[in-house]
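Given next are the chains, with one letter for each unit.
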Amino acid sequence: MVLTVVSMACVEFFLVQGAWTQKGGWDTPSLSAWPSAVVPRQGHVSLQCQYGGGFNNFTLYKEDRLHVPILQRIVSRENFLMGPVTAAHAGTYRCRCSHRHSPTSWTALSNPLVIMVAGFHRKPSLQALPGPLVKSGETVILQCWSDVVFEHFLLHRKGITEDLLHLVGEPRDGGSQANFSIDPMKPDLQGTYRCYGSVTQSLYEWSAPSDPVDIVMTGQHGKPSLSAQLGPTVRTGENVTLSCSSWTSFDVYHLSRDGEAPELRLPAVPSVSGTFQAHFPLGPASHGGTYRCFGSFRGTPYHWSDPSDPLSVSVTGNPRHLHVLIGSSVVIILFIILLLFLLHRWWSTKNNAAVKDQEPEADRRVNREDSGEKDPQEVTYAQLDHDVFTQRKITRPSQRPKRPPPETSVYMELPNVEPRLKVVSCP
């Protein structure tokens, strides 16, 4: 039994050695990064070294520390986890492995893997020209721009760890830019793209990633239908809902407005008529536009159908409830005016009462007598003291006689209506 086990081990060892000999003796393993070779600062990345079966020793090297293993936490026999990542982790890596029966015999070094660390500069901007929706065979340009002067730009597609696109930055408006051309468009080129920028002094240290741009290839399925529930013409303020439907069992519908990237998406649901549809509520109408919708499946999120026929939505007139708003505004204004009038009356009454409280009793009595309405035929007589008009020196009131002599009295008739004056002299 022991001899059998030893024999099998020897056979396995020679088979492996024979396989190495047939492939040239020392085949190179493969080194890859997951989820991406572009790692955000303080993030984590897993480096995987692969080379067939029967190997249990894997070593990771960095080119600037040649033949000196980088000690990292090993997730499994061939996986190395790095993080939190700093600028010191950026660089080119390789790996190699050995068989358990010959621990001193190593394979050749693997392919080089460049680990880039992002987050050292402000993020650039990325846009698709003429747009992110592209038909098969067409050309799309991904333009990466920044107000920072970058010497290099990097275009990265989600899920791809190799064949990253590099371009030299060109001056633009005090900053720099690079135009990445995808020509022609093929199914294996659609996906989510981001771009980065770097300076010459730190080729492994990149900026923060740009906002993502989804490049979608259209025309993979038949077009759906698009309609407006209230019709293509609505009044200002009315709620607008667009319905996209198809006999094809799409999983998701996308709504696009001309001149804008499609941002609205809804799951498709079966209807009673047998179609699959989705209703897009756009809210109160303020301005019109031309819309199209697309259908797609979950398994191929970047493969969309042909666009639906364009639907032009126009907004005209005033809202139907405008008269209600105007009526409410008028009532509110009238109420405010009435309130101000009542406050003015109350304030005036309060001030008059305060003035009366400050007058002497005699003055208030005279005022009450004077306030009564006079007969228009009533004659008013004024008694004039003759001495007062003839004497230059006015006698003090205390030295005057209480009852003036009859012969010095003069009366004036002052009628209220007719402007006449009757003077009566008493002898």
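Sequence order as written defines the numbering, with residues in each chain counted from 1. Where totals are concerned, whole chains, interfaces and linings use all residues; where local detail is concerned, this predicted model gives features only for residues with pLDDT of at least 70, and gives and counts side-chain atom pairs only at 80 or more. As a rule here, side-chain values come from all non-hydrogen atoms in the structure, and water together with hydrogens is ignored.

By the naming in an unreviewed UniProt entry, the chain is Immunoglobulin domain-containing protein, taken from Saimiri boliviensis boliviensis. Regarding the chain, the UniProt comment filed under Sequence similarities (unreviewed entry) reads as follows: "Belongs to the immunoglobulin superfamily." What UniProt records for the chain under Subcellular location (unreviewed entry) is the sentence "Cell membrane". UniProt positions are given in the numbering used here, feature names are shortened, and annotations may be inferred rather than shown by experiment.

A.B. asks: With reference to specific residues and values, describe the overall build of the chain.
C.D. replies: Counting its regular elements, the chain contains 4 helices and 32 strands. Taking all 427 residues of the chain together, the buried fraction comes to 31%. The criterion used for residue contact is that any of the two residues' heavy atoms lie within 4.5 Å. Put simply, 66% of the contacts in the chain that link residues at least 6 apart link residues at least 24 apart. Each accessible area value is a Shrake-Rupley result obtained with a 1.4 Å probe; residue values ignore everything except the protein chains displayed when judging cover. Summed over all atoms, the accessible surface of the chain reaches about 26900 Å², with 57% contributed by carbon and sulfur. In DSSP terms, a helix is any run of H or I states spanning at least four residues, a strand is any run of E spanning at least two, and both are numbered starting from the N terminus. Exposure is judged per residue with a 1.4 Å probe applied to protein chains only, and the accessible area is read against the type maximum: over 50% gives exposed, under 20% gives buried, and values in between give partly exposed.

A.B. asks: Can you break down the sheet that holds strand 26 (residues 276–284) residue by residue, with the values?
C.D. replies: DSSP calls a pair of strands paired once it identifies at least 2 bridges connecting them. Reading across the sheet, the 4 strands line up as 20-22-26-25 and stay open at both edges, with antiparallel pairing between neighbours. Since the sheet does not close on itself, it has two edges, and those belong to strand 20 (225–228) and strand 25 (269–270), each with one partner. In terms of strand pairing, strand 22 (residues 239–246) meets strand 26 through 8 bridges, oriented antiparallel. Looking at strand 26, one finds that cysteine 244 is bridged to alanine 278.

A.B. asks: With reference to specific residues and values, describe the sheet that holds strand 16 (residues 175–182).
C.D. replies: Two orientations exist for strands paired in a sheet by backbone hydrogen bonds: parallel and antiparallel. Strand order across the open sheet formed by 4 strands is 10-12-16-15, with antiparallel pairing between neighbours. This sheet does not close on itself; its edge strands, each paired only once, are strand 10 (125–129) and strand 15 (170–172). The average angle at which neighbouring strand axes cross in this sheet is 35°, direction not considered. Here strand 10 pairs with strand 12 (residues 140–146) via 5 bridges, running antiparallel. By the bridge assignment for strand 12, leucine 126 is matched with cysteine 144. Simply put, an axis is a line fit to the C-alpha atoms, just over the touching stretch for a helix, and the angle between two N-to-C directions goes from 0 to 180 degrees.

A.B. asks: An account of the packing of aromatic side chains is requested, with residue identities and associated values reported.
C.D. replies: Within 6.5 Å between ring centres, the rings of Phe, Tyr and Trp (the latter by its six-membered ring) count as paired, and their orientation is classed by plane angle as stacked under 30 degrees, edge-to-face over 60, tilted in between. For the structure shown, the criterion picks out 5 aromatic pairs. Note on phenylalanine 250 and phenylalanine 297: the rings are 5.3 Å apart at their centroids and 45° apart in plane angle, and the pair reads as tilted. One end of the pair, phenylalanine 250, is in the loop between strand 22 and strand 23 (252–257); the other, phenylalanine 297, is in strand 27 (residues 289–297), with 47 residues separating them in the sequence. Note on tryptophan 346 and tryptophan 347: the rings are 6.2 Å apart at their centroids and 50° apart in plane angle, and the pair reads as tilted.

A.B. asks: Before we move on, can you summarise a nonpolar patch on the surface with the specific residues and values?
C.D. replies: A cluster of nonpolar side chains, contributed by Ile332, Phe335, Ile336, Leu339, Leu340 and Leu343, occupies part of the molecular surface with about 590 Å² of accessible area. With respect to the helices, strands and loops of the structure, leucine 339 is situated in helix 2 (residues 322–358). Residues enter patches when they are more than 30% accessible in relative terms and free of salt bridges; like-charged ones are connected within 9 Å and nonpolar ones (Val, Leu, Ile, Met, Phe, Trp, Tyr) within 5 Å. Within this document, salt bridges are pairs made up of a side-chain nitrogen of Lys or Arg and a carboxyl oxygen of Asp or Glu, the two lying within 4 Å of each other.

A.B. asks: Please set out the state of the cysteines residue by residue, giving values where relevant.
C.D. replies: In this description, a disulfide is simply a cysteine sulfur pair whose atoms lie within 2.5 Å. Summed over all chains, the structure comprises 3 disulfides. Here cysteine 49 connects covalently by a disulfide to cysteine 95, the sulfurs 2.0 Å from one another. In this structure, the disulfide formed by cysteine 49 and cysteine 95 twists by about 80° around the S-S bond and is classed as right-handed. Taken together, the residues cysteine 49 in strand 3 (residues 45–50) and cysteine 95 in strand 8 (residues 91–99) connect sequence positions 46 residues apart. Taken as a pair, cysteine 49 and cysteine 95 share a single burial class, namely buried. Covalent S-S linkage joins cysteine 244 and cysteine 293, the inter-sulfur distance amounting to 2.1 Å. The chirality of the disulfide connecting cysteine 244 with cysteine 293 is right-handed, given an S-S dihedral of about 75°. Within this pair, whereas cysteine 244 is found in strand 22, its partner cysteine 293 is found in strand 27, the two being separated by 49 residues in sequence. This pair shows no difference in class: cysteine 244 is buried, exactly as cysteine 293 is. Of note for the chain: the bonded cysteines, numbered N- to C-terminal, pair according to 1-2, 3-4, 5-6.

A.B. asks: Go over the environment of serine 98 with me, naming the residues and quoting the values.
C.D. replies: Relative to the helices and strands, serine 98 resides in strand 8. Note: C-alpha distance between serine 98 and alanine 108 (10 residues apart in sequence) is 9.7 Å.

A.B. asks: Help me get a handle on the environment of asparagine 111, residues and values and all.
C.D. replies: Inspection of the secondary structure assignment puts asparagine 111 in the loop between strand 8 and strand 9 (113–118). In protein, a polar contact requires one atom able to donate a hydrogen and another able to accept it; more generally it is a pair of N or O atoms within 3.5 Å, and residues adjacent in sequence count only if both atoms are side-chain atoms. A polar contact is formed between the side chain of asparagine 111 and the backbone nitrogen of leucine 31, at a distance of 2.9 Å.

A.B. asks: Please set out the pattern of salt bridges residue by residue, giving values where relevant.
C.D. replies: In this structure the tally under the stated criterion is 7 salt bridges. The closest approach of N and O atoms between glutamate 63 and arginine 94, which form a salt bridge, is 3.2 Å. Residue glutamate 63 is found in the loop between strand 4 (55–62) and strand 5 (65–69), and its partner arginine 94 is found in strand 8; the two are separated by 31 residues along the sequence. A relative accessible area of 23% places arginine 94 in the partly exposed class. Among the ionic pairs, aspartate 251 bridges to arginine 298, the shortest N-O distance being 3.5 Å. One end of the pair, aspartate 251, is in the loop between strand 22 and strand 23; the other, arginine 298, is in the loop between strand 27 and strand 28 (300–304), with 47 residues separating them in the sequence. Residue class for aspartate 251 comes out partly exposed when judged on its relative accessible area of 22%.

A.B. asks: Describe the pairing of strand 22, naming the residues involved and giving the relevant values.
C.D. replies: Among the 8 residues of strand 22, 6 are classified as buried, and the element is accordingly described as predominantly covered. As paired elements, strand 20 and strand 22 share 4 bridges and run antiparallel to each other. Across the sheet, the residue bridging to serine 225 is serine 245, located in strand 22.

A.B. asks: How would you explain unusual backbone geometry if you had to name every residue and give the values?
C.D. replies: What you tend to see is this: most non-glycine residues have negative phi, and most peptide bonds are trans. Between tryptophan 34 and the following residue, proline 35, the backbone shows a cis peptide bond with an omega angle of 5°. Along the chain, proline 35 falls in the loop between strand 1 (30–34) and strand 2 (38–40). Cis geometry marks the peptide bond from aspartate 183 to proline 184; its omega dihedral reads -5°. Tracing the sequence through the fold places proline 184 in the loop between strand 16 and strand 17 (191–198). Phi at glutamine 42 is positive, roughly 70°, even though this residue is not glycine. Topologically, glutamine 42 is positioned in the loop between strand 2 and strand 3. Here aspartate 173, not a glycine, exhibits a phi torsion of approximately 50°, which is positive. Secondary-structure assignment places aspartate 173 in the loop between strand 15 and strand 16.

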